[in-house]
Amino acid sequence: IGDSHLHGWTSITETLSRKVTHRDPTMRACCGKHDGAHQHQPVIVHVAGEIPPQWRLASTGDAALDQHMHRRRVAALGKLAELRERYPRGESALTQAQCAYTSDATLVRFLEARDGDVGKASEMLATSLAWRAEHLDGREHVCPACRANPNAHCFIPIGTDDRGWQMIYSSGARAMDKSSISSVVHMSATLEQIFNDGAKPGKIVWIIDMHGFGWRDFDMSMASTVVPMFSNQYPERMGQIVILDPPFFLKAVWEGLVAMLDPVTRRKIVMLRADKFEYLKTHCTTDAQLDFLDATLSKECKAVPGNLPPKQTELILAEAGYPGVCGNGGAFKLPGASPDALLEPPSFW
């Protein structure tokens, strides 16, 4: 795809009709070994254009998307100083929390989300700061639903992948609380913990396990709550969305949801079935990650609320250093499915 095809949203939309399945092996520094001593190196995309090493982007595996994201990063860095003038360090008009949040990494994310337009990025950031002041600043990052019931949600950070992105495993079937609003609160609290109150740079890989997923797990308002939260409050946090074994009966609903996403986000979605373990072995960086995902995706680990493989879950949580959002003194309370839950029929019946 030539350069002329990568300058705007329309061109990215045009490329969506072409399913990109090629993954350039030269973009991967990982050899695929997981022997404990093996050190994975971040996968860096090198495209023409001056970007300091600390700002370089990891490859998505999609050459067209990589080039588009690279150009947005170049544009954002070129406007960083101008946007910083509007949010100077130590500005008395900002609270302590807002000063911490408006790091260079944050400003670059908002500039990228608005294609380097300083005015639009500033307006977007001001709106987000107001939202954070109302909902997050000065508050403990706790999910009320999980405080009352550790089985309420299943949205678990499991460490970084070979690109340095934070992997988060989620399963609607393993969550007891199906409310979209409750889920958004949980997701936000988790992201705040991972990224140090939002100021830390980085992206996530959202692994969505669709095993056991059925109509009872589906909230039609999920897209209208989750999508705006990520787009408006956590722009450019999404590195990739990996959907494992999507059920065919949700195809029509899924197409409607995808239509709500911007073209770049759509391009970040990867659907995997038989090839899911190849993907996981490529991008996981530790044995604990692979063991957790292998056990969780096995037929023996039924996808019902609270049911996760105890040993593997305990190990991955300890390795990832995730305190959890249950509000129980900083320790993650390992969920556990009830015997009755394990006897429930599959959720698609």
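Numbering of residues starts from 1 in each chain and follows the order in which that chain's sequence is written. In keeping with the model being predicted, local features are shown solely for residues with a pLDDT of at least 70 and side-chain atom pairs are shown and tallied solely at 80 or more, while totals for entire chains, interfaces and linings include all residues. Side-chain figures throughout are based on the complete set of non-hydrogen atoms in the structure, without hydrogens or water.

**Notes on the packing of helix α5 (residues 118-135) against helix α8 (residues 222-233)**
In plain terms, the rule: Helix axes are fitted only over the stretch in contact, all axes being lines through C-alpha atoms; the angle between N-to-C directions runs from 0 to 180 degrees. For helices the rule is a DSSP run of H or I covering at least 4 residues; for strands it is a run of E covering at least 2, with both sets numbered from the N terminus onward. By definition in these notes, contact holds between two residues if any of their heavy atoms fall within 4.5 Å. For this scheme, ten residues count as nonpolar: Ala, Val, Leu, Ile, Met, Phe, Trp, Tyr, Cys and Pro. Four count as charged, namely Asp, Glu, Lys and Arg, and the remainder, Gly too, count as polar.
At a minimum axis separation of 9 Å, α5 and α8 run at an interaxial angle of 115°. Residue-level inspection shows M124, S128 and W131 of α5 in contact with α8, the latter providing S231, N232 and Q233. By residue class, the composition of the contact of α5 with α8 is two nonpolar, four polar and no charged.

**Things to note about the pattern of salt bridges**
Here the idea is simple: oppositely charged side chains can pair when their charged atoms come close. Put simply, the rule reads: In what follows, salt bridge is the name for a side-chain nitrogen of Lys or Arg lying within 4 Å of a carboxyl oxygen of Asp or Glu. Only protein chains enter the accessibility calculation, which uses a 1.4 Å probe; a residue is then buried when its area is under 20% of its type maximum, exposed when over 50%, and partly exposed in between.
Considering all chains together, one arrives at twelve salt bridges under this definition. E236 is the salt-bridge partner of R72, the closest N and O atoms lying 2.7 Å from each other. Pair noted here: R72 is in helix α2 (residues 63-86) and E236 is in the loop between α8 and β4 (238-244), with a separation of 164 residues, a long-range link. Here the two residues R72 and E236 agree in accessibility, since each one is buried. Where D104 meets R84, a salt bridge forms, and the shortest distance between an N and an O atom there is 2.8 Å. You can see D104 sitting in helix α4 (residues 104-113) and its partner R84 sitting in helix α2, a full 20 residues away along the chain. A relative accessible area of 26% means that D104 is categorised as partly exposed. Residues participating in the shared-partner salt-bridge network are R72, D115 and E236.

**Points about the sheet that holds strand β3 (residues 204-209)**
So the rule is basically this: When DSSP locates at least two bridges between a pair of strands, those strands are taken to pair.
The five strands are arranged β1-β2-β3-β4-β5 in an open sheet whose pairing can be described as mixed. Looking at strand neighbours, the two that pair on one side only are β1 (155-160) and β5 (269-272), the edges of this open sheet. Here the strands of the sheet are splayed against their neighbours by 20° on average, with no regard to which way each runs. As judged from the four bridges shared by β4 and β5, these two strands associate in the parallel manner.

**With respect to the packing of aromatic side chains**
Test applied: Note on ring pairs: Phe, Tyr and Trp rings are taken, using the six-membered ring of Trp, and paired if centres are within 6.5 Å. Classes follow the plane angle, with under 30 degrees stacked, over 60 edge-to-face and the rest tilted. Whether a charge sits over a ring comes down to the Lys NZ or Arg CZ being within 6 Å of the ring centre and within 35 degrees of the ring normal.
In the structure shown here, the tally under the stated rule is five aromatic pairs. Aromatic side chains F155 and W206 sit 5.8 Å apart centroid to centroid with 85° between the ring planes, which places their arrangement in the edge-to-face category. Highlighted residues: F155 in strand β1 and W206 in strand β3, separated in sequence by 51 residues. Looking at F155, the relative accessible area reads 5%, which means it is buried. Residue W206 is classed as buried on the basis of its relative accessible area of 12%. Residues W206 and F230 carry aromatic rings whose centres are separated by 5.9 Å and whose planes lie at 25° to one another, so their mutual orientation is stacked. A residue pair is termed long-range when its members are at least 10 positions apart, and W206 in strand β3 and F230 in helix α8 qualify at 24 residues. In terms of burial, W206 and F230 fall into one category: buried. Feature note: the residues W131, F155, W206, F230 and Y234 constitute an aromatic cluster, connected by ring pairs. Note that R132 overlies the ring of Y101, its terminal NZ or CZ placed 3.9 Å from the centroid.

**What about a negative patch on the surface?**
Just so we agree on the cut-off: Patch definition: residues above 30% relative accessible area lacking any salt bridge, with like charges linked at up to 9 Å and the nonpolar side chains Val, Leu, Ile, Met, Phe, Trp and Tyr linked at up to 5 Å. To measure how exposed things are, a 1.4 Å probe is used in the Shrake-Rupley method; for residues, cover is taken only from the protein chains shown. His is not counted, nor are the chain ends; Lys and Arg add positive charge and Asp and Glu add negative charge. A charge is said to be at NZ when it belongs to Lys, at CZ for Arg, at CG for Asp and at CD for Glu.
A surface patch of negative charge is lined by D287, D291, D294 and E319. No other element matches the three residues that helix α12 (residues 287-296) contributes to the negative patch. Looking at the secondary structure, you find E319 in helix α13 (residues 310-320).

**Describing the side chain of S59**
Threshold: Throughout this description, a polar contact denotes any pair of N or O atoms lying within 3.5 Å of each other; where both atoms belong to protein, one of them has to be capable of donating a hydrogen while the other can accept it, and for residues adjacent in sequence the pair is counted only when both atoms sit in side chains.
By secondary structure assignment, the location of S59 is in the loop between α1 (9-15) and α2. Side-chain polar atoms of S59 contact the backbone nitrogen of G61, separated by 3.0 Å. Polar side-chain contacts of S59 include one of 2.8 Å to the side chain of D66.

**Things to note about the environment of Y322**
Mapped onto the secondary structure, Y322 falls in the loop between α13 and α14 (339-342). Taking the C-alpha atoms as reference points, Y322 and G159, separated by 163 residues in sequence, lie 8.6 Å from one another.

**Thoughts on the confidence of the model for the chain**
Short version of the rule: pLDDT expresses how confident the predictor is about each individual residue, on a scale running from 0 to 100.
Residues at a pLDDT of 70 or more form 79% of the chain, whose mean pLDDT is 81. Confidence drops under pLDDT 50 across residues 1-48; counting only partners more than four residues distant or on other chains, this segment forms 86 contacts. For the stretch residues 329-333, pLDDT sits under 50, and the model shows eight contacts to residues farther than four places along the chain or on other chains.

**Quick notes on the packing of α2 against α5**
Using the following cut-off: Angles below 35 degrees are treated as roughly parallel, those above 145 as roughly antiparallel, those between 65 and 115 as roughly perpendicular, and all remaining angles as oblique. Each crossing gets its handedness from the near helix: less than a right angle anticlockwise from the far helix is left-handed, clockwise is right-handed.
Interaxial distance between α2 and α5 falls to 10 Å at its minimum, and their mutual angle equals 45°. On the basis of the axis angle, α2 is oblique to α5. Our pair here, α2 against α5, has a crossing hand that is right-handed. Here K79, E82, L83 and R86 of α2 come into contact with α5, specifically with V118, G119, A121 and S122. Taken together, the residues that form the contact of α2 with α5 break down as three nonpolar, two polar and three charged.

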